[in-house]
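Close look at the chain arrangement
So the chains spell out like this:
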Amino acid sequence: MASDDPAANAGQVLRIALPVPLPRLFDYLSPSGALPEVGCRVRVPFGRRELVGVVAGHGTGADAPDGLKQVLANLDDTPLLAGELLASLRWLARYTHAPLGEVLATALPGPLRHGEPLPDIRRRGWQLTADGRGALASMRAGRPRILATALAAGAVDEALLAARLEGWRGAARALERRGLAEAVILEGSPAAPGGVDGPPPNPDQLAAIEAITTAAGFAPFLLDGVTGSGKTEVYLHAIAGCLARGRQALVLVPEIGLTPQLLARFRTRLGVPVHVLHSGLADGERARTWAAALSGQARVVVGTRSAVFLPLPEAGLVVVDEEHDSSFKQLDGIRYHARDFALYRARSLGVPVVLGSATPSLESLANAQGGRYRHLRLHQRAGGARPPAVRVVDVRKRPLQAGLSPELLDAVQRELDAGGQVLVFRNRRGYAPVLLCHDCGWSACCARCSSEERGTPMTVHAAGRRLQCHHCGARRPAPGACPDCGGLGLQPQGAGTERIEEVLQERFAGQRVVRIDRGSTRQRDGLEKRLAEFGDAPGILVGTQMLAKGHDLPNLTLVAVVGIDEGLFSADFRAPEKLAQLLIQVAGRAGRAAKAGRVLLQTHHPDHPLLATLLQGGYHAFADQELELRAAAGFPPFAHLALMRAEAKQVADCDGFLRAARERIEQVAGEELELSGPLPAPMPRRAGYQRTQLLLSSPGRPALHAALHAALPAIHALPEARKVRWSLDVDPVDLY
Ligand code: ADP
Ligand code: ZN
Ligand code: ZN
C-alpha cells in the first residue's frame, strides 16, 4: 500500500475518523511526503472549518473519486493511538454505536484532541552555575539566597521546588539573570520516599492479595468487603506486586473518592510517583499525564472516569474502586461506562482487573455468582473496628421538627455530651423541596420543566427567599404572596439540608453545625477542606450524599439518616439498589476507628421489605432478593437495555422521530428484542424541551446490538431526525 517514494503517496486515500456526529469515516487524499499511518492525527478541511481527525485506515487508489479534498497536515510522525488502545476504542465505538471520531475525541485530553503535539514531559530542574557556587557564601539574605542554598548540593526538580519553596520561580529568574543558576533537564525518575510498609494483612486480605498477584493474564476479581475492611490495603499490595514485575497500574476511583488523603497514602506506601487524572486538572496537566502513561514514565495512575482512556503500554493491573458508583457512567456525549470499559481493556491487555466495593453493583454480583468473576470477600473490618449498630426510629405520629424526631434530637444531644461527632444525612439540598400556598394549594413550579400533566416543583433556598430548579438551574426570588389567590399563606413544605441546619443550630446553640452539600461546597476540593476544618472536635455535620465518602472521620460515632421514604417508592427499577448502597455507605461512616458507631434510621415505613432485609441480612441478603426480582421482571442484569431519547420543543416531533426509528428497528429485529415507546420520559419536560424515549430490551446482547447496527444508518438518515435532538444510550444507568 505505502510506497517508499514520498511523491507517490500524494493522492493515496486516507480514511479519517472525525469528531462529528455522523456514523462514518471520511475520505481524504494523503499529502505528499510520508504516508500518515493509522493512528496519526491529521488536520483536514471540513465544510468551512478545519478539524483534527485520526487516520483510521487506508483506501485503495481505486476508491479515490475525483474531488476528494487533501489532508492539510500530518500532525504525528508516529501514531498517537495504536495497538491495544486503538483496538479497544474501535470496540467501544461499535458497542456504544457512536462515531469512531467522537469516541477518539472523547478519549484524548483537550490539547491532543485539538492537534497540539505531545507535551514535553522531561523533568526540569535548576542547578547553581560555577559562579553561583562561588557566590553563595557572600549572598544577601532573601529568597534567591534560600533557593541557592537549596541547590548547593546539586540540581533540584522544579516540582520539588514548587512544593517546598514559595516564590521559588521569581528567585530562580533573579539568579539566572546574574548568571548564578540555570535550568537543566533531569535524567531518570524523581526520587520518591521509599515505600513504607503497611499493617500486616489479615488472612482474608492475604488470600485476596495472593489470588490477584498470582493471576496470569486476564482475570476479573470482585473484591467485596465493608467500608474499612481493608480493600485499599489489598490494592496497595497488588499494585506493589505489579510494580515489582516492572508493570504499570491503573486505579479508577469515583470523582469524590480521589482525595488528598488517598493520594498521600498511595504515595507514601508505593515509593514511586503517583500520577493523577481528574476533571479538576488543567488541560495541560491532563495531556502531561497522558504522555507520561504513553511513555511508561507513569507507573501508577489514579484517576476518575476518563482515566480509563490512558495508554498503558506496560500494563500489569487495573483496579476499579467503588465499582458500583454511578459516576463511572458518562451521561452525555459518548455514554460509556468506565468500569465496563476497564474490564474490556484488561481483557485486551491480558491483565488482572479488581473491582472493589462494600456494596457491589447487582451486575457484578451476578457475574461473581455466575463464576465469571472470582469473588474475594473481606469479612471483617480491619484493625479491630466494629460494625455500627443500626436502630430504626418509627416516626409515624411523632412530632417532627424539620423532619427530625425527638428521639433523634435526644440521641444527638447525648452524642455531643459524650464528645462525639454526629452526621445528619438528608439527601436533599436546599431549604425545602416545595413552596406551597396553604390557602389555595398552588405550588411554585419551574416554567421550563413542567408540562400540563405534571408540575416540577422548584426547591426553596436561602431560608425561603429564593426558588431554584434543580433540573435546569432556573432561579427566581420567592413570591411574597400567592400568584394565584393573592393570599399570604405561602409555606415551605418539607425540609432540605439548609432547613435542618437551621433547626439544629437553634436547638444546639453553641455547638458547631457544618452543612456540606453542592450548595455549600462549590470548588473541587471544597469537601475535603471543610471536612478537614471540621476536624476531631465535637460537632454536627449536615449533608447530602457528598458525605457518604471522602476524608476519614475517626470521631464520627453517630449517623442519623432522615428523609429516605420517598426513595422507597420510586418507579426506577434501580432505585432500591441505589438506596441500599447509599444507606450502607453512609452507615459505614460511623465508627471507623476504635470507637463503636451507631446509626439511626428514621422512617414512616419501618416494615418496608427493603429496610427489613437490609437491616437483618445486610447488603448481600438485599442483593440476592433484588436479583430475584430483577430476574422475574426481566430487568438487567438478566436483560440488556438501550434507550433512545428524543428532545424537541414539540412533543409530536419527538414521537414522530421515535416512531419512525421504531419502525426501522422492527424491520431488522428478531423475536428476542422488545420495544416499548415512544413514551414520555420520567421527566417529560426539561429546560423548555419535551422529552420522550424508546426502550429496547433483549435477553441477550447480540440481538440488541445486531438490530441497532442494522437500523442505525437508516435512523440517522430519517428526515424526522432533523427536527429533534436524539441520542442512544446503551446500558443506561438511569432511565431519565
Ligand atoms: P477499605 O478500603 O475497605 O475501606 P482500608 O484499606 O482503607 O479499607 O482500611 C481501613 C483502615 O484499616 C485503614 O486505616 C487501614 O490502615 C486499616 N487496616 C487495613 N488492613 C489492616 C490490617 N490488616 N491490620 C490493621 N489495620 C488495617
Ligand atoms: Zn394561593
Ligand atoms: Zn427547571
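Residues numbered from 1 in each chain as written. Chains lettered and ligands numbered in written order. Predicted model: local features only at pLDDT ≥ 70, side-chain atom pairs only at ≥ 80, totals over all residues. Heavy atoms only, no water.

This part covers the side chain of R685. In this fold, R685 is placed in strand β28 (residues 674-686). Here A447 takes part through its backbone oxygen, which lies 2.7 Å from a polar atom of the side chain of R685. Of note is the side chain of R685, whose polar atom sits 2.6 Å from the backbone oxygen of S450. Filtering out sequence-adjacent residues up to four positions away, R685 remains in contact with A447, R448, C449, S450, S451, Q690 and R691. (Helix = DSSP H or I, 4+ residues; strand = E, 2+ residues; numbered from the N terminus. Polar contact = N/O pair within 3.5 Å; in protein donor to acceptor, adjacent residues only side chain to side chain. Contact = heavy atoms within 4.5 Å.)

For the zinc ion (ligand 2), the full set of protein donor atoms is C437 (SG), C440 (SG), C482 (SG) and C485 (SG), at a range of 2.2 to 2.4 Å. Considering all 4 donor atoms around the zinc ion (ligand 2), the spread of angles at the metal, 107 to 112 degrees, places the coordination shape in the tetrahedral class. On the accessibility criterion, C485 (39% relative accessible area) is partly exposed. (Donors = N, O, S within 2.8 Å, 3.2 Å for Na, K, Ca; no water. Tetrahedral: all angles 85-135°; square planar, octahedral: opposite > 155°, others 65-115°. Buried < 20%, exposed > 50% of the residue type's maximum accessible area, 1.4 Å probe, protein only.)

This next bit is on unusual backbone geometry. With omega at 5 degrees, the peptide bond leading from P636 into P637 counts as cis. Cis geometry marks the peptide bond from G677 to P678; its omega dihedral reads 5 degrees. Here P678 lies in strand β28. Located in the positive-phi region is H97, a residue other than glycine, with phi close to 55 degrees. Note that H97 resides in the loop between α2 (83-96) and α3 (100-107). On the basis of relative accessibility, which here comes to 16%, the residue H97 falls in the buried class. Of note in this structure, A463 is not a glycine but carries a positive phi near 50 degrees.

Below, the discussion takes up the coordination of the zinc ion (ligand 3). Every protein donor of the zinc ion (ligand 3) is accounted for by C446 (SG), C449 (SG), C469 (SG) and C472 (SG), and the metal-donor separations fall at 2.3 Å. Considering all 4 donor atoms around the zinc ion (ligand 3), angles at the metal cover 106 to 112 degrees and the coordination shape is tetrahedral. Sequence spacing of the donors to the zinc ion (ligand 3): C-x2-C-x19-C-x2-C. Residue classification places C469 among the buried residues on the basis of a relative accessible area of 1%.

Under the domain assignment used here, the chain contains domain 1 (6-113), domain 2 (124-185), domain 3 (203-382), domain 4 (385-430 + 496-632), domain 5 (432-494) and domain 6 (640-730). Relative to domain 5, the C-alpha centre of domain 1 lies at a distance of 51 Å. (Domains from an automatic or database assignment.)

So, on to the site of ligand 1. Near ligand 1, the surroundings consist of 17 residues, among which Q205, G228, K231, T232 and R265 are the closest. Within the backbone of G230, a nitrogen or oxygen atom sits 3.0 Å from an oxygen atom of ligand 1. In the model, an oxygen atom of ligand 1 is placed 2.8 Å from a nitrogen or oxygen of the R265 side chain. Burial of ligand 1 by the surrounding chains reaches 75%, relative to a free accessible area of 560 Å². Per-element accounting of the shell around ligand 1 gives the leading share, 3 residues, to helix α10 (residues 231-244). (Near = heavy atom within 4 Å. Areas by Shrake-Rupley, 256 points an atom, 1.4 Å probe, with all protein chains shown as cover.)

This model, assessed by the stated rule, comprises 31 salt bridges. Taking the shortest distance from any N to any O, the salt bridge between R41 and D76 comes out at 2.9 Å. Of this pair, R41 sits in strand β3 (residues 41-46) while D76 sits in the loop between β5 (73-74) and α2; the two residues are 35 residues apart in sequence, bridging distant segments of the chain. A single burial state applies to R41 and to D76, both of which are buried. Note that D394 is salt-bridged to R396, the shortest N-O span being 2.8 Å. (Salt bridge = Lys/Arg side-chain N within 4 Å of Asp/Glu carboxyl O.)

Among the structural elements, Q690 can be located in strand β29 (residues 689-698). The spacing of Q690 and A648 is 42 residues in sequence and 5.4 Å in space, taken between C-alpha atoms. Discounting chain neighbours no more than four positions away, the residues touching Q690 are A646, E647, A648, K649, Q650, V651, C654, P684 and R685.

Across the sheet, which stays open at both edges, the 4 strands sit in the order β28-β29-β27-β30 with antiparallel pairing between neighbours. Strand pairing shows two members of the sheet lacking a second neighbour, β28 and β30 (725-730), which therefore form its edges. Ignoring which end each strand starts from, the neighbouring axes of this sheet average 20 degrees apart. By the bridge criterion, 6 bridges tie strand β27 (residues 640-648) to β30 in an arrangement that is antiparallel. Bridge pairing links E647 to R725 in β30. Here helix α21 (residues 701-716) sits on the sheet in contact with β27, β29 and β30, set at roughly 25 degrees to β27. (Pairing = 2+ DSSP bridges. Axes fitted to C-alpha atoms, helices over the stretch in contact; angles between N-to-C directions.)

The topology assignment puts G591 in the loop between α18 (575-587) and β26 (598-603). On the accessibility criterion, G591 (0% relative accessible area) is buried. Put simply, G591 and G125 are 466 residues apart on the chain and 45 Å apart in space, counted from C-alpha to C-alpha.

This next bit is on the environment of T96. Along the chain, T96 turns up in helix α2. In sequence terms T96 and L112 are 16 residues apart; their C-alpha atoms lie 23 Å from each other. The contact partners of T96, leaving out residues within four places of it in the chain, are V103, I334, R335, L728 and V730. There is a polar contact of 2.8 Å between the side chain of T96 and the backbone oxygen of L92.

Once that is clear, we can look at the packing of aromatic side chains. Tallying each qualifying case throughout the model produces 10 aromatic pairs. Ring pairing ties together the aromatic residues W91, Y95, F309, Y336, F341 and Y344, which thus form one cluster. The side chain of K649 reaches across the aromatic face of Y689, ending 4.5 Å from its centre. The positively charged end of R725 is found above the aromatic ring belonging to Y689, 4.1 Å away from the centroid. (Phe/Tyr/Trp six-rings, centres within 6.5 Å; stacked < 30°, edge-to-face > 60°. Lys NZ or Arg CZ within 6 Å of the ring centre and 35° of its normal.)

To continue, consider helix α20 (residues 651-668). Helix length check: α20, at 18 residues, gives a terminal C-alpha distance of 26 Å against a target of 26 Å (1.5 Å per residue), a fit within 8%. Regarding α20, the residues found buried are C654, D655, G656, F657, L658, A660, A661 and I665. (Expected span 1.5 Å × (residues − 1).)

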